[in-house]
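Take a look at the letters that make up each chain.
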Amino acid sequence: MELSSEKKPANFLPPLLGYMHQDPPVIRTLNTLPPAWDRSGIFVANLFSLFFGNQHQTQDLCAEVGRLETYGGRLIPILGLIFKGAGPNLVVLEQEPDRRLFEYFTNELGLELPQMAVLPHHHYESLAQAAAGRADAADLIEQLSQIPAGWVDGFVTDESLQYLARESGHQTLNTRQGSYEGNHKVMLHHFLAACDLPTFTTHLAETREDIDRARAQLCHAGYTRAVIKTAIGASGVGLWQMATEGDGIEIPDYCFHEGACLVQGWLDDKIADVNRIYSPSVQLFVQPDAVHLYDLTDQILGLDSVHEGNLSPPLWVDSDPDTYEELGSWLHGRGYRGTASIDFHVADRTGGREVRVCEVNARVTGATYPALLARHMAPGQAWLMRNLRFDPGIPPDQLLERMDGAGILFKLGGANQVLPINFNVHPEEGVTKGQFLCLAPDIEAAMALLEKTCSVLPVTDTFDRD
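What this report covers is the structure whose coordinates are included nearby. What you see is a predicted model; the values in this text were computed from it and never measured.

Comments concerning the sheet that holds strand 7 (residues 202-205)
Then comes step 1: Strand order in this open sheet of four strands is 7-10-8-9, and the pairing throughout is antiparallel. Edge strands, defined here as strands with exactly one partner in the open sheet, are strand 7 and strand 9 (237-243). If you compare each strand with its neighbour and ignore which way they point, the axes differ by 25 degrees on average.
Then comes step 2: Two elements, strand 7 and strand 10 (residues 261-265), share four bridges in a ladder whose sense is antiparallel.

Section: the sheet that holds strand 6 (residues 171-172)
Then comes step 1: Strands sit in the order 4-3-2-5-6 across an open sheet of five strands; the sheet is parallel. The open sheet has two edge strands with one neighbour each: strand 4 (115-118) and strand 6.
Then comes step 2: Bridge count for strand 2 (residues 40-44) against strand 5 (residues 150-154) is five bridges, and the pairing is parallel. Counted as the bridge partner of Gly-41 is Trp-151 from strand 5.
Then comes step 3: Contacts from helix 5 (residues 138-145) reach strand 2, strand 3 (90-93) and strand 4 within the one sheet, and its direction differs from that of strand 4 by about 160 degrees.

Re helix 12 (residues 396-405)
Then comes step 1: Of all the positions in helix 12, only Pro-396, Leu-399, Leu-400 and Met-403 are classed as buried. Along the long axis of helix 12, the arc covered by the buried residues comes to 95 degrees, so they all point the same way. Turned more than 90 degrees away from the buried face of helix 12 sit Glu-401 and Gly-405, all of them exposed.
Then comes step 2: Buried residues along helix 12 sit in contact with strand 17 (382-394), strand 18 (417-426), strand 19 (430-440) and helix 13 (443-456).
Then comes step 3: A positive backbone phi angle near 75 degrees is found at Gly-407, which sits one or two residues after helix 12.

Quick look at the side chain of Arg-386
Then comes step 1: Its place among the elements puts Arg-386 in strand 17.
Then comes step 2: Classification of Arg-386 by relative accessible area gives buried; the value is 9%.
Then comes step 3: If sequence neighbours within four positions are ignored, Arg-386 has contacts with Ile-300, Glu-308, Gly-434, Gln-435, Phe-436, Leu-450 and Phe-463.

Notes on helix 8 (residues 185-194)
What sets the pattern is the α-helix's 3.6 residues per turn: residues three or four places apart point alike.
Then comes step 1: Within helix 8, seven of the ten residues are buried, which leaves the element mostly enclosed by the surrounding structure.
Then comes step 2: Of all the residues in helix 8, the buried ones are Lys-185, Val-186, Leu-188, His-189, Phe-191, Leu-192 and Ala-193.
Then comes step 3: If you follow the buried residues of helix 8, they end up packed against strand 7, strand 8 (225-234), strand 10, helix 10 (328-334) and strand 16 (352-361).
Then comes step 4: Looking one or two residues beyond helix 8, the residue adopting positive phi is Asp-196, at roughly 60 degrees.

Some details on the pattern of salt bridges
Then comes step 1: Counted according to the given criterion, the structure contains 15 salt bridges.
Then comes step 2: Two residues, Arg-99 and Glu-96, come together in a salt bridge whose shortest N-O distance is 2.8 Å.
Then comes step 3: Judged by relative accessible area, which is 45%, Glu-96 ranks as partly exposed.
Then comes step 4: Between Asp-98 and Arg-100 there is a salt bridge; the shortest N-O distance is 2.3 Å.
Then comes step 5: Each of Asp-273, Arg-349, Glu-354 and Arg-356 takes part in salt bridges that share partners, so that together they form one network.

Procedures and definitions
- Residues numbered from 1 in each chain as written.
- Predicted model: local features only at pLDDT ≥ 70, side-chain atom pairs only at ≥ 80, totals over all residues.
- Heavy atoms only, no water.
- Pairing = 2+ DSSP bridges.
- Helix = DSSP H or I, 4+ residues; strand = E, 2+ residues; numbered from the N terminus.
- Axes fitted to C-alpha atoms, helices over the stretch in contact; angles between N-to-C directions.
- Contact = heavy atoms within 4.5 Å.
- Buried < 20%, exposed > 50% of the residue type's maximum accessible area, 1.4 Å probe, protein only.
- Arc of directions from axis to C-beta.
- Salt bridge = Lys/Arg side-chain N within 4 Å of Asp/Glu carboxyl O.

Printed below as a string of structure tokens:
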């Protein structure tokens, strides 16, 4: 049976600029860094706030990812590439970082690192709840007030971030509304449909009964699988895949925290006329006067479509990527500013290639770190980023020594080497996981370099999620 779609998919995305009012130009700076902000940056690593107060969804994220508070360390090597004002930058982390990488970043890579402060999440969260908890941030606010002309930003902009900015005499880079709407999947779907752009076959559901009815409709349309997406989600949390027939899986109440969720037909290479599926992701820098497209990557996804890494350039690209750049205008129109990504679904079918938008991420994403570092350290080279888990854990110093001894630790001007971005450190076990960026002349060489890294370090059998 032919699969139906709300909007007939095209071989290529038509331009969006004609649908937007006063759209800024979309500038391609592929393989080079986009222009940075001319202000200092105060970035709060509020990863526990990704879901704008949806506590149960946040608990699921922590259960899936593990030591979430250690991920803020990925900001340290890239903040100076985003903010280049007259004063220092500062990153506010949720726990004290392991500092063994810092000497490598400064002495070997020549990166300018930000100042650092620590504000545990429970203190951060209290800033939006009651004046009684705000004394815990008094010293931090005083420190922030000493930074001249700084933007305050975070993974999301919420009430606590706005409080820190207001009390320290700064402005947030984004409004809460711009941050929220830029990540809202249901709003994005309505926009795509209104502009007559390709969408997945989609139903909106406000209850579990609505989900079951949508599954039945998708089954009648020829789909064997459906995917349910919350309006706000990240790192695979808020996304469930199930059969369109029979009993469905249990969906938690937080699926409807923002109202309706999306129930969409799942399109993969198990469909008879689908030959291959790709998952490209465009890396963007959204500024007031322009949207900069600075990297085109392929996402590496796990079995449940969970992000595990990225590579650039995509092996499948055989044409100029004009078809992927225009949705930055949608982000700009929501009022969002800063780094972002747009994830696409590309299906090679018997009748041609179909391109659909999966989601827009209005934040620093798992691809932001490697893309910025690769374009700064090795413009024009290929790169591959993977999350490596270690069993047993390894002391940070020993990890760096092993890489250096094997000749794979990235040095300025080097080729075929690996740049460790961040260590997820357990206080007793050492580095249990880390993010590693392989830089090489081409993807095949980067993959070979990853294999060598796995032979040098005590890496587990499988790669890890982001």
